[in-house]
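Fold and contact review
Listed here are the chains, written in short residue letters.
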Amino acid sequence: MAVALVGGRVLNGQGFVSGLGVVIDAGRIVSVTSEAEALANGDQRYDLGGGRLAPGFVDTQVNGGGGVLFNDDMSVEAIAAIGEAHRRFGTTGFMPTLISEDLGAIERALRAVEAAIAAGVPGVLGVHVEGPFLNAARAGIHDKKKFRVLDEKARTLLSSLKAGRTLVTLAPERTEPGMIRALAHAGVVVAAGHTDASYEQIRAALEAGVSGFTHLFNAMSPLASRAPGAVGAALEDQASYCGIIVDGRHIHPAVLRIALRSKPLDRFMLVTDAMPSVGMKEKAFTLQGQRITVQDGVCVAPDGTLAGSDLDMARAVRNATALLDVEPVEALRMASLNPARFLGVDHLMGRIAPGLRADLVLLDDAAEVVATWIGGERAV
């Protein structure tokens, strides 16, 4: 049954436009047209109440939410619970993220994501395998004992997902360009992260198929006067995508404002790196044997090491506007279209256009979430 969404402002290529209606049916956007025509073509009417209708948010790095950590529970039910927690904050597409584990756990994670997609769990787009092919010098909260070299057995496993997208974060200096190239040719999205690579090593990895950087600045070799490092290579390269955690603590806002001037804004994407505390009153959990607590909005281990975030995508959008001087429309694109392009799913989502999946978020003027649609199904 076709539903006409009217009475609000719709985000299109020109910005938020009043007087437009969006017709959705069978999980897709049928048309974006005048309100009168939308009402004529819809069997039902949904009043947007003057709010702003934007594409749903796409989060490429979600470790957990709703009290669930993907590392601890690789099941369809756990993935559904994580997705439900983040949906309340506008996320309509997400990548459950596995923090460095052994190959057996990686296989369980891949099979769980396949099962979740087959079961129709709303919003799950694939899996993000963050490690264990990382550099111990930039381990962060990851368990160094899990780290290993990316060999042919691991490459075959990482290329085995039968549904959805696979994103792998690795340290390029811990493997060979040929291995990166093989993953990219198999359809895996490869990002550099938790890396101590030199500028030259990152350049070689970009040429081999690395297309993005996981939480830019955090856990990677910094930009220095005679050693540009991973950060320098990331900011110089105009084609690759950079995920950024905009919570005011992972990276100083001034540093991010400088970064945003270094390459096209459409190559930056908001990520949460969210932990189980998102959507929960309980702001503590256990990660690989360590008690993690949320302090001033940031997840930290007992020794003060950052351990993911308590951030949600709606707050990331608000922070991008407030802290980074990004226009609201651009902040919303950093949360939707840009990550969709990075994952190669922008033909399905990331814009409000006919033929795309009806993944939408309704926001009030304060950018708080009023309602979401995933595949045309609405929830608050």
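Residues numbered from 1 in each chain as written. Predicted model: local features only at pLDDT ≥ 70, side-chain atom pairs only at ≥ 80, totals over all residues. Heavy atoms only, no water.

Turning our eyes to something else, we now look at the environment of Val190. Note on placement: Val190 falls in strand 14 (residues 189-192). Residue classification places Val190 among the buried positions, given a relative accessible area of 0%. With 21 residues separating them along the chain, Val190 and Thr169 place their C-alpha atoms 6.1 Å apart. (Helix = DSSP H or I, 4+ residues; strand = E, 2+ residues; numbered from the N terminus. Buried < 20%, exposed > 50% of the residue type's maximum accessible area, 1.4 Å probe, protein only.)

With that settled, consider the environment of Ile180. Here Ile180 shows up in helix 5 (residues 177-185). Put simply, Ile180 and Gly164 are 16 residues apart on the chain and 20 Å apart in space, counted from C-alpha to C-alpha. Once residues lying within four places of it in the same chain are set aside, the contact partners of Ile180 are Leu170, Pro172, Thr175, Val190, Ala205, Ala208, Gly209 and Val210. (Contact = heavy atoms within 4.5 Å.)

Another point: the packing of aromatic side chains. For the structure on display, the rule yields two aromatic pairs. Seen from their ring centres, Tyr46 and Trp373 are 5.2 Å apart, and the 90 degrees between their planes marks the pair as edge-to-face. In this pair, Tyr46 sits in strand 6 (residues 44-47) while Trp373 sits in strand 23 (residues 369-374), placing the two residues 327 residues apart along the sequence. According to the relative accessible area criterion, Tyr46 is buried, its value standing at 18%. Of the residues examined, Trp373 reaches a relative accessible area of 3% and is grouped as buried. (Phe/Tyr/Trp six-rings, centres within 6.5 Å; stacked < 30°, edge-to-face > 60°.)

Counted residue by residue, helix 7 (residues 229-236) has seven buried out of eight residues, so it is predominantly covered. All of the buried residues in helix 7 are Gly229, Ala230, Val231, Gly232, Ala233, Ala234 and Leu235. Considering only its buried residues, helix 7 is in contact with helix 6 (199-208), strand 15 (210-213), strand 16 (241-244), helix 8 (253-260) and strand 17 (268-270).

What follows is about the pairing of strand 18 (residues 284-287). Regular strands place their side chains on alternate faces of the sheet. For strand 18 and strand 19 (residues 290-295), the ladder comprises four bridges, and the chain directions are antiparallel. Looking across to strand 19, one finds that Thr286 is bridged to Arg291. Linking two consecutive strands that pair antiparallel, namely strand 18 and strand 19, is a turn of two residues; a positive phi of about 45 degrees is found at Gln288 within it. (Pairing = 2+ DSSP bridges.)

Moving on: the environment of Arg155. Secondary-structure assignment places Arg155 in helix 4 (residues 152-158). Given the relative accessible area of 17%, Arg155 is considered buried. In this structure Arg155 touches Leu150, Met179, Ala182 and Leu183, once residues within four positions along its chain are discounted. A polar contact is formed between the side chain of Arg155 and the side chain of Glu152, at a distance of 2.7 Å. (Polar contact = N/O pair within 3.5 Å; in protein donor to acceptor, adjacent residues only side chain to side chain.)

Assignment of secondary structure puts Asn63 in the loop between strand 8 (57-62) and strand 9 (64-65). Apart from the residues lying within four places of it in its own chain, the contact partners of Asn63 are Val68, Leu69, Phe70, Ile82, Thr97, Ile99, Glu130, Asp273, Ala274 and Met275.

The values reported here are purely geometric and, on their own, carry no functional implication.
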